[in-house]
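# An overview of the molecular structure
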Amino acid sequence: MSSVKLGLAVAWPAFWTAVPAKIVFALLLLAAGLHPWEEAGLVLLLLLSIPVDIWALSVSARTVFLERLRLQPPDQLGLTLWWQGALLNLVYLPLGYVIESSTKAGAKAVVEKILEIELLKGLPVAERISVELVLWSVPSAVMLLLLVLGWLFLFGWIVRRQTAAARASDESYQALVKQWDLMRVPADQPLLLAVFAASGVGLVLLFWAFMPVTTPHPHELYQKEAVKVVPPVKPAEVLQKTEKLIAQAEVAVQALEEKAQEEAKAQAKGKGKGQGQAKDKGTGKEAASPKAQPAGSDAKAVKAEKAPAATGQTK
Amino acid sequence: MNGQPNVLEKIIAFVDERVGLKTLQAKMLNEPVPGGSRWAYVFGSVLLFIFIMQAVTGILLMFYYVPSADHAYASTQYIIHEVDYGWFLLSYHFWGSSAMVVMVFAHMSQVFLWGAYKKPREMIWLVGLALFGLVMAFGFTGYLLPWDQRAYWATTVGVEIMDKTPIVGDFIARFLKGGPTPGQMTLSRFFVIHVMILPAALMGLAGLHLFFFRKAGPAGPFRGSSEELKAKTDYFFPRQVWKDMVAMAAVFLTICSLAFIEPVVLLEEATPDPGDYHPEPEWYFLFLFQMLRLKIFAGEFGQFLAGVAIPNAFLLLLAALPFIDRNPERNIFKRPIALVGWLIVMIGILVFTMSAIINREFLD
């Protein structure tokens with residue numbers, strides 16, 4: 001088995017075996033009011049994860065040793081793989097982070113330059129977004145894949161070193177499976193289910209014991225809006241106010257109409273005088289001018305324009 | 001101690017005599033798994049678990065929810081603000097629906113990549129596809145129930161897309177809306193479909209799916225000779241049960257964490273005026289929504305093509321897959337068309353979903 005395959009065979013199930021226990025811790029931290037991705041919460045979660053990771057690595061590595069390699073797993077296999085893997089991560093993960101982020105930044109810069117080409121400037125927004133995303137994410141994804149393969153190769157190499165210390169097993173496959181089962185699952189079926197159920201009940205009790213004390217109810221995101229007190233509607237007052245407004249509006253409209261009529265008269269006089277001088281020029285302009293329209297229609301237009309706005313305001 | 005059965009044992013023996021409890025237990029737990037247990041086989045069990053949890057949380061929410069246009073929003077607010085940990089139940093139900101969609105995609109991908117849809121498992125695949133449709137319908141109908149702007153406009157957009165289907169589109173749209181614009185009739189119909197029709201259909205089809213699965217038996221891994229598979233064959237209990245339990249616990253705890261970190265926040269109450277809100281569907285329909293924004297799909301015909309024709313043609317292709325692909329080879333690395341096709345579909349969905357999220361920033 002290649003180092004990459006060996007690394008994957010141990011790391012992948014170990015990761016998934018550890019995840020539920022880590023989520024339990026994260027959830028308990030959340031219920032206790034500590035954010036597991038910030039300061040004390042994060043430190044606590046990382047510390048709690050150490051024994052979980054050792055256990056998960058032990059379970060998955062023993063399975064691989066027994067089932068796939070037909071080897072008797074050496075003592076302290078999980079612990080050895082954990083500390084050697086931790087050393088690898090200490091060097092590899094920051095390095096990988098720097099390489100990946102610089103690849104992403106470089107790819108984004110190149111893509112931005114490409115999209116500045118005159119030919120591509122006219123791309124519609126939706127198309128532009130997808131093209132840009134594909135162009136920078138492909139090199140970033142390839143680099144990430146290479147980094148993952150590199151990590152698996154190195155971790156597989158660590159696992160391979162442990163196989164040297166293991167002795168070959170000449171037992172049948174079924175016997176190995178039974179040995180593996182007995183290592184972690186009790187032979188008694190109801191006992192396993194009872195233990196699992198009891199652990200669940202215990203965790204639920206712990207969860208609810210934490211939560212009402214530390215978690216605000218309702219959730220902190222649900223802030224109630226301040227209740228606005230609406231003054232009671234008095235129909236008589238509203239009617240009086242509206243009548244006043246209508247009377248004022250009528251006066252204003254009348255004034256506008258009178259003004260428009262006077263202006264129209266004055267214009268008609270001026271037009272009579274200058275008719276001989278500008279026979280052809282004047283007519284078109286006058287027809288287009290709102291002042292030249294009949295006074296009544298002008299006022300109606302003002303009313304019609306104002307009506308929806310006014311209703312909108314009242315709403 | 002004295003060899004006499006205790007009360008519990010007597011009760012179990014009583015029930016067993018009449019129901020055949022021990023036979024049932026043996027049938028359920030001692031199912032042979034060719035090639036042994038795998039993490040890749042957990043998705044089906046996890047889906048069943050999520051559905052049960054959705055049913056439980058859904059029933060609890062129904063104790064307080066009022067399915068009327070006048071009270072839906074207020075009752076959802078009541079659940080969030082007044083009911084003890086109602087916000088947690090509602091948020092669990094919300095994130096549970098997303099988890100179900102993710103698991104359906106994972107399950108279908110696993111079956112496709114493992115070639116487990118091939119003879120003699122065609123019926124399992126077809127019923128599975130119908131279940132996929134039901135899960136999407138659950139998400140779509142449930143989205144309207146809180147009756148906020150997001151719910152109202154996502155439904156409006158969804159129904160408009162359905163309306164573009166030839167012949168039946170108009171009928172479906174009118175039936176779902178129950179009027180010219182979404183209102184009380186729409187809410188009533190979506191509620192009934194969400195809490196009565198879909199759960200009943202899902203339970204029936206899930207039972208059928210399991211029956212066909214037990215009848216045909218698990219497909220097992222796509223690599224290895226029949227002798228190797230026989231040697232590695234294991235029973236469902238304890239190894240696969242253990243893996244299923246671990247996966248269920250992981251999913252349950254993830255949904256709980258999401259409910260804590262990102263609880264459901266309602267927008268303004270639904271109105272026929274979108275205001276500043278840019279209507280968009282739930283995240284699992286975003287890729288389709290983004291496709292509709294592309295210029296090549298502009299116009300009435302283009303919208304029909306992207307919104308109705310392409311997705312339905314794709315579903316039809318999936319349904320016909322076991323009958324088109326008759327090659328017994330199951331190893332995905334020896335089925336290049338299937339592998340490349342799956343990669344294109346997955347990357348396409350991912351790219352368009354991400355693009356829709358980036359596009360949101362442009363609109364805001």
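Starting afresh in each chain, residues are numbered from 1 along the sequence in its written order. For naming, the first written chain is A and the first written ligand is 1, with later ones following in the order written. Thresholds applied to this predicted model are a pLDDT of at least 70 for local features of residues and 80 or more for the giving and counting of side-chain atom pairs; totals over whole chains, interfaces and linings are not thresholded and use all residues. Calculated side-chain values reflect all of the structure's heavy atoms, with hydrogen atoms and water omitted.

### A few points about the overall build of chain B
Along the backbone of chain B there are 14 helices and 2 strands. Projected onto its principal axes, the C-alpha coordinates of chain B cover approximately 75 × 55 × 35 Å. For every residue, the accessible area obtained with a 1.4 Å probe (protein chains only) is divided by the maximum for its type, and the residue is called buried under 20%, exposed over 50%, and partly exposed between those limits. Counting the 364 residues in chain B, one finds 47% classified as buried. The contact rule is simple, with two residues in contact once any of their heavy atoms fall within 4.5 Å. Nonlocal contacts in chain B, meaning residues at least 24 apart in sequence, comprise 80% of its contacts between residues at least 6 apart. We count a stretch as a helix when DSSP gives it H or I for four or more residues in a row; a strand needs E for two or more, and each element gets its number in order from the N terminus.

### Looking at the environment of Lys 27 of chain B
Within the element layout of this structure, Lys 27 of chain B appears in helix α2 (residues 21–29). As a C-alpha pair, Lys 27 of chain B and Val 83 of chain B span 56 residues in sequence and 42 Å in three-dimensional space.

### Considerations on the packing of helix α7 (residues 149–163) of chain B against helix α8 (residues 169–177) of chain B
How two helices sit against one another is set out by the angle between their axes and by the gap between those axes. Residue and element names in this part refer to chain B. Every axis corresponds to a line fitted to the C-alpha atoms, with the helix fit spanning only the stretch in contact, and the corresponding angles, defined between N-to-C directions, vary from 0 to 180 degrees. With their axes 7 Å apart at the nearest point, α7 and α8 run at an angle of 155° to one another. Viewed along their axes, α7 and α8 adopt a mutual orientation that is roughly antiparallel. The segment α7 lies against α8, with Val 159, Met 162 and Asp 163 engaging Gly 169, Asp 170, Ile 172, Ala 173, Leu 176 and Lys 177. Nonpolar residues are Ala, Val, Leu, Ile, Met, Phe, Trp, Tyr, Cys and Pro. Charged residues are Asp, Glu, Lys and Arg, and all others, Gly as well, are polar. Looking at side-chain class alone, the contact of α7 with α8 contains 5 nonpolar, 1 polar and 3 charged residues. Angular relationships are summarised with four words: roughly parallel below 35 degrees, roughly antiparallel beyond 145, roughly perpendicular across 65 to 115, and oblique for the angles in between.

### Some points on the nonpolar core
In this description, a nonpolar core means a group of buried Ala, Val, Leu, Ile, Met, Phe, Trp, Tyr and Cys residues linked to one another through side-chain atoms lying within 4.5 Å. Ile 50, Phe 88, Trp 125, Trp 147, Leu 202 and Phe 260 of chain B are the most contacted members of the largest nonpolar core, which totals 89 residues. Sort the elements by how many residues they give to this core and helix α5 (residues 86–113) of chain B lands first, with 13 residues. In contact with Trp 125 of chain B, not counting residues within four places along its chain, are Met 108, Val 111, Tyr 117, Leu 318, Ala 319, Leu 321 and Pro 322 of chain B. Formed by 24 residues, the second largest nonpolar core is a distinct cluster that contains Ala 9, Ala 11, Leu 57 and Val 64 of chain A.

### Re the side chain of Thr 163 of chain A
Residue and element names in this part refer to chain A. Mapping Thr 163 onto the fold places it in helix α5 (residues 125–165). Pairs of N or O atoms are called polar contacts if they sit within 3.5 Å, as long as, within protein, a hydrogen donor faces a hydrogen acceptor (for residues adjacent in sequence, only side-chain-to-side-chain pairs). A polar contact of 2.4 Å, which involves the side chain of Thr 163, links it to the backbone oxygen of Arg 160. Among residues more than four places away in sequence, those in contact with Thr 163 are Phe 65, Leu 69 and Leu 71.

### Some thoughts on the pattern of salt bridges
Residue and element names in this part refer to chain A. Counted as salt bridges are all cases of a side-chain nitrogen of Lys or Arg within 4 Å of a carboxyl oxygen of Asp or Glu. Inspection of every chain in the model, using the stated rule, returns 8 salt bridges over all chains. The salt bridge partner of Lys 121 is Glu 118, with a shortest N-O separation of 4.0 Å. Remark: Glu 118 and Lys 121 occur in helix α4 (residues 118–121); sequence separation between them is 3 residues, near one turn of the helix.

### Considering helix α1 (residues 7–19) of chain B
All names here are of chain B. The span one expects for a helix is its residue count, reduced by one, times 1.5 Å. Taking 1.5 Å per residue, 13 residues should reach 18 Å; α1 reaches 18 Å between its end C-alpha atoms and fits that length. Sitting at the head of α1, Asn 6 places a side-chain oxygen 3.2 Å from the backbone nitrogen of Leu 8. Just beyond α1, the residue with positive phi is Gly 20, at close to 80°.

### Some remarks on unusual backbone geometry
Trans is the prevailing form of peptide bonds, just as negative phi is the prevailing case for residues other than glycine. Put simply, Lys 119 of chain B and Pro 120 of chain B share a cis peptide bond, and its omega is 10°. A positive phi angle is found at Glu 39 of chain A, which is not glycine, with a value near 35°. Summarising the element assignment, Glu 39 of chain A is placed in helix α2 (residues 39–68). For Glu 39 of chain A, a relative accessible area of 71% corresponds to the exposed category. You will see that Gln 76 of chain A, though not glycine, has its phi angle at about 55°, which is positive.

### Quick word on the packing of helix α3 (residues 42–62) of chain B against helix α11 (residues 236–261) of chain B
Residue and element names in this part refer to chain B. Packing of α3 against α11 brings their axes to within 9 Å, and their N-to-C directions diverge by 45°. Relative to α11, the element α3 is oriented oblique. The handedness of the crossing between α3 and α11 is right-handed. Within the contact between the two elements, α3 uses Val 42, Ser 45, Val 46, Phe 49, Ile 50 and Met 53 and α11 uses Gln 240, Lys 243, Asp 244, Ala 247, Met 248, Val 251 and Phe 252. Looking at side-chain class alone, the contact of α3 with α11 contains 9 nonpolar, 2 polar and 2 charged residues. It is the rotation of the near helix from the far one that decides the hand of a crossing: anticlockwise by less than a right angle makes it left-handed, clockwise makes it right-handed.

### As for the interface of chain A and chain B
Interface size, as often reported, equals the accessible area lost upon joining of the parts. Across the contact, 44 residues belong to chain A and 44 residues belong to chain B. The tally of links between chain A and chain B comes to 0 salt bridges. Take the side of chain A that touches chain B: its biggest share by element is 10 residues, from helix α1 (residues 3–31) of chain A. Here the side of chain A that touches chain B is built from residues that sort into 31 nonpolar, 8 polar and 5 charged.

### Considerations on a positive patch on the surface
Taken together, the side chains of Lys 5, Arg 68 and Arg 70 of chain A together with Arg 38, Arg 223, Lys 232 and Lys 334 of chain B make up a positively charged region of the molecular surface. Considering the arrangement of structural elements, one finds Arg 223 of chain B in the loop between α9 (184–216) and α10 (226–232). Exposure above 30% relative accessible area and no salt bridge define the residues that can form patches, which grow by joining like charges within 9 Å and nonpolar side chains of Val, Leu, Ile, Met, Phe, Trp and Tyr within 5 Å. Reported accessibility uses the Shrake-Rupley method at a 1.4 Å probe radius. Residues are deemed covered only where the shown protein chains occlude them. Residues scored as positive are Lys and Arg, those scored as negative are Asp and Glu, and His as well as the terminal groups of each chain are ignored. Charge positions are represented by NZ for Lys, CZ for Arg, CG for Asp and CD for Glu.

### With respect to the packing of aromatic side chains
Under the pairing criterion, centres of Phe, Tyr and Trp rings, with the six-membered ring standing for Trp, must be within 6.5 Å; the plane angle then separates stacked pairs below 30 degrees from edge-to-face pairs above 60, leaving the rest tilted. Counted by the stated rule, this structure contains 26 aromatic pairs over all chains. Here Phe 15 of chain A and Trp 16 of chain A contribute two aromatic rings whose centre-to-centre distance is 5.1 Å and whose plane-to-plane angle is 80°, an arrangement assigned as edge-to-face. We classify Phe 15 of chain A as partly exposed; its relative accessible area is 46%. Residue Trp 16 of chain A is classed as partly exposed on the basis of its relative accessible area, which comes to 33%. Summarising the aromatic geometry, the rings of Phe 105 of chain B and Phe 132 of chain B are spaced 5.9 Å apart at their centres and angled 85° between planes, so their arrangement reads as edge-to-face. With a gap of 27 residues between them, Phe 105 of chain B in helix α5 and Phe 132 of chain B in helix α6 (residues 122–144) connect regions that are remote in the sequence.

### So, the environment of Gly 307 of chain B
All names here are of chain B. Along the polypeptide, Gly 307 turns up in helix α13 (residues 299–324). Sequence spacing of Gly 307 and Met 162 is 145 residues, and the spatial spacing of their C-alpha atoms is 7.9 Å. Setting aside its immediate chain neighbours within four residues, Gly 307 contacts Ile 161, Leu 288 and Leu 292.

### Remarks on a nonpolar patch on the surface
All names here are of chain B. A contiguous nonpolar patch, built from Leu 48, Ile 52, Val 56, Ile 59, Leu 60, Met 62, Phe 63, Tyr 64, Tyr 78, Leu 210 and Phe 213 and spanning about 1,000 Å² of accessible area, is present on the exposed surface. With 6 residues, α3 is the largest single contributor of residues to the nonpolar patch. Inspection of the secondary structure assignment puts Leu 48 in helix α3.

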